[in-house]
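The primary structure of each chain is shown beneath.
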Amino acid sequence: DTGYVQNVIMGSFIYSRASNVPAAERTAVREWAKAALSSETDKGLRDRLTLVIAHTGDKSVVPQVIEILRSHPEGHMRTEAAMALYDTKDASSIPALRQALAADTYARVRTGGSPGSRPSPNEAVYSPVRNAAAIALQLLGESVPTDAELVDAKYVVPRLEPLLYSNPM
């Protein structure tokens, strides 16, 4: 799966923002990604390179990252876009983060345990996108309602039903 491989590679570059990474190395990652972006035609790779650039703190790609947050079909890419917007520390991204916090329906079930364990008392359907947007907004100094990352289960059940009934096991 090339998308998976691209995400693994993107993840390794994103960690260039860790506090123990020297500024020169972060700059090198940014310049490499910008050079690669300038000649890349594949949309998936362009999106991932854009996120890498944003994660290095470069504000020049904020409009493209906002577009990824608003319309990318893959929830994990929207999640990464929300966190990348924090890394740019660009206040112009706050409206897009607020919109994602209010409306994104990409969801997972958080059980708090391992496979086969009993559900925990804090089991909930949540959105990684909303969660990332909430974190980004808080880190940008904005207030966020408690449990804003929770998603109404009505958005999840229609996606699960085909999976539940398509396999006889």
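Scroll up to find the structure this text is about.
The shown structure was predicted, so the numbers you read here are calculated from the model rather than taken from an experiment. (Residues numbered from 1 in each chain as written. Predicted model: local features only at pLDDT ≥ 70, side-chain atom pairs only at ≥ 80, totals over all residues. Heavy atoms only, no water.)

Caption draft 1: Just the overall build of the protein chain, in detail. Tallying secondary structure elements over the protein chain gives eight helices and two strands in all. Taken over 169 residues, the protein chain has a buried fraction of 41%. Within the protein chain, residue pairs in contact and separated by at least 24 positions form 60% of the contacts whose partners lie at least 6 positions apart. Accessible area of the protein chain: about 9800 Å², with a carbon and sulfur share of 56%. (Helix = DSSP H or I, 4+ residues; strand = E, 2+ residues; numbered from the N terminus. Buried < 20%, exposed > 50% of the residue type's maximum accessible area, 1.4 Å probe, protein only. Contact = heavy atoms within 4.5 Å. Areas by Shrake-Rupley, 256 points an atom, 1.4 Å probe, with all protein chains shown as cover.)

Caption draft 2: Focus on helix H2 (residues 23-39). Taking 1.5 Å per residue as the helical rise, H2 with its 17 residues ought to reach 24 Å, and the 25 Å between its terminal C-alpha atoms agrees with that figure. For H2, every residue scored as buried is listed here: Val 29, Arg 30, Ala 33 and Leu 37. Buried residues of H2, viewed axially, fall in a sector of 100°; they line one side. Facing away from the buried side of H2 by over 90 degrees, the exposed positions are Ala 24, Ser 38 and Ser 39. (Expected span 1.5 Å × (residues − 1). Arc of directions from axis to C-beta.)

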